[in-house]
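Take a look at the letters that make up each chain.
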Amino acid sequence: MRLTNLLIVLTALVLSGCLWQSPDAEQRTQKSFGYNNGYAPEQPLPFSHELHVGTHQIQCQYCHNQVERSKNSNIPALSTCMNCHQQVGTQLENIKKLRDAYADNKPIEWVKVHMLPDHVQFNHQAHVSRGVNCQTCHGPIEKMAKVYQFSDLSMGWCVNCHRQPENKAPLNCTTCHH
Ligand code: HEC
Ligand code: HEC
Ligand code: HEC
Ligand code: HEC
Ligand code: HEC
């Protein structure tokens with residue numbers, strides 16, 4: 001979206017007095033992006049954060065190892081899983097599927113849970129390096145047998161945190177919009 005367009009919409013938002021307020025319930029259901037709290041798509045393999053993070057205490061960054069270095073967090077490659085599953089759980093049905101996919105060099109097609117519209121830019125490194133916890137935004141991942149979207153990812157949600165004085169986070173439109 002062009003900046004001029006953004007400014008026009010901003011003016012409209014200010015005039016209608018709805019800037020910085022969360023949208024009403026009706027608007028939420030019409031959104032294709034954001035506002036999808038609770039969204040938990042079926043995954044090709046039942047990977048459990050509760051088991052791996054909660055029970056076995058594996059650190060987030062062991063798998064999502066780009067999150068401190070890059071804008072995007074990564075979903076781990078199967079080779080990361082194989083560090084353990086060459087030996088661990090080899091008798092289990094789902095681990096057999098995992099090992100077969102690895103042997104055939106076929107990646108597992110994980111379904112993306114979190115989505116922002118194309119006109120928004122997010123940056124993991126900026127948040128993680130400032131000590132914002134994964135759980136602040138993603139919720140109690142260590143208790144999720146299946147990942148769901150915890151926050152609504154609305155502009156109001158981002159801005160509400162950015163405007164807290166102690167965060168000293170930028171509020172100008174181009175921080176988050178191209
Ligand atoms: C053993 C590897 C592993 C560990 C450890 C791990 N994850 Fe994941 N994570 C995955 C895999 C694989 C997926 C994709 C499948 C899924 O969504 O369940 C995923 C998906 C996610 C997603 C959803 C991504 C999307 O599609 O939007 C989030 C958010 C996430 N992880 C956060 C975390 C956090 C926070 C921690 C630590 C508390 C963590 N993960 C620890 C492997 C891991
Ligand atoms: C640091 C070690 C470690 C890593 C890395 C790891 N796992 Fe596991 N995983 C385990 C352990 C331990 C279990 C429990 C095995 C058991 O119950 O015998 C397990 C269990 C599982 C199960 C459950 C099988 C069942 O039906 O009960 C699945 C599925 C699984 N892992 C998938 C993955 C995937 C996908 C990855 C990579 C994204 C991964 N694991 C990475 C240690 C690991
Ligand atoms: C300030 C909020 C915030 C924090 C803190 C945060 N995330 Fe995210 N995360 C997001 C948003 C927003 C998205 C969606 C990004 C997009 O669609 O471009 C996302 C997406 C993801 C994804 C999916 C990436 C993909 O490309 O599918 C993973 C995995 C993830 N986060 C893991 C983590 C981990 C692990 C941590 C902590 C080390 C973390 N996040 C910290 C807000 C956050
Ligand atoms: C829980 C609080 C919190 C939430 C929620 C949050 N942010 Fe941030 N954001 C911060 C903090 C703190 C910084 C770091 C400011 C700094 O170090 O300059 C930051 C920095 C950023 C930066 C980097 C700015 C720069 O120039 O370095 C971008 C881009 C950004 N946020 C986008 C977003 C978007 C988009 C969302 C919503 C999808 C979001 N943030 C949600 C707290 C938050
Ligand atoms: C901290 C991040 C952040 C900042 C700063 C920010 N936005 Fe946004 N904006 C978002 C996110 C995330 C979305 C997508 C979710 C949504 O529509 O609420 C969005 C969506 C929008 C939309 C589309 C709304 C729709 O209904 O599709 C417009 C227009 C917009 N922003 C204008 C602005 C203007 C103008 C500014 C400067 C005053 C601004 N934004 C500052 C994060 C931000």
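Source: prediction; values computed, not measured. (Residues numbered from 1 in each chain as written. Chains lettered and ligands numbered in written order. Predicted model: local features only at pLDDT ≥ 70, side-chain atom pairs only at ≥ 80, totals over all residues. Heavy atoms only, no water.)

Colleague: What is the right way to read the site of ligand 4 from this model?
Modeller: Taken together, 17 residues sit near ligand 4, with His-127, Arg-130, Cys-158, Cys-161 and His-162 positioned nearest. Counting only elements with at least two residues in the shell around ligand 4, the list comes to helix 7 (124–128), helix 9 (155–162) and helix 10 (173–176). Top contributing element to the shell around ligand 4 by residue count: helix 9, with 4 residues. Here the shell around ligand 4 is composed, by residue class, of 10 nonpolar, 6 polar and 1 charged. (Near = heavy atom within 4 Å. Helix = DSSP H or I, 4+ residues; strand = E, 2+ residues; numbered from the N terminus. Nonpolar A, V, L, I, M, F, W, Y, C, P; charged D, E, K, R; others polar.)

Colleague: Sorry if this is basic, but what is going on with the packing of aromatic side chains here?
Modeller: Within the structure shown, the criterion is met by 1 aromatic pair. Judged by centre distance (6.4 Å) and plane angle (70 degrees), the rings of Phe-47 and Trp-110 are edge-to-face. Taken together, the residues Phe-47 in the loop between helix 2 (25–30) and helix 3 (49–55) and Trp-110 in the loop between helix 6 (93–103) and helix 7 connect sequence positions 63 residues apart. Here Trp-110 falls in the partly exposed class, since its relative accessible area comes to 27%. (Phe/Tyr/Trp six-rings, centres within 6.5 Å; stacked < 30°, edge-to-face > 60°. Buried < 20%, exposed > 50% of the residue type's maximum accessible area, 1.4 Å probe, protein only.)

Colleague: Please explain the coordination of the iron atom of ligand 4 as it appears in this structure.
Modeller: By definition of the ideal shapes, a tetrahedral metal site with four donors has angles of 109.5 degrees and an octahedral site with six donors has angles of 90 or 180 degrees. Bound to the iron atom of ligand 4 on the protein side are His-127 (NE2) and His-162 (NE2), at distances that span 2.0 Å. For the iron atom of ligand 4, the 6 donor atoms in the first shell make angles of 85 to 179 degrees at the metal, a pattern classed as octahedral. Taken together, the residues His-127 in helix 7 and His-162 in helix 9 connect sequence positions 35 residues apart. (Donors = N, O, S within 2.8 Å, 3.2 Å for Na, K, Ca; no water. Tetrahedral: all angles 85-135°; square planar, octahedral: opposite > 155°, others 65-115°.)

Colleague: Looking at this structure, how should I read the coordination of the iron atom of ligand 1?
Modeller: The coordination sphere of the iron atom of ligand 1, as far as protein atoms go, consists of His-49 (NE2) and His-64 (NE2), spread over 2.0 Å. Around the iron atom of ligand 1 sit 6 donor atoms; with metal-centred angles ranging over 87 to 179 degrees, the donor geometry is octahedral. Of this pair, His-49 sits in helix 3 while His-64 sits in the loop between helix 4 (60–63) and helix 5 (78–85), and the two are 15 residues apart along the sequence. The class of His-64 is partly exposed, set by a relative accessible area of 21%.

Coordinates in, geometry out; function isn't part of it.
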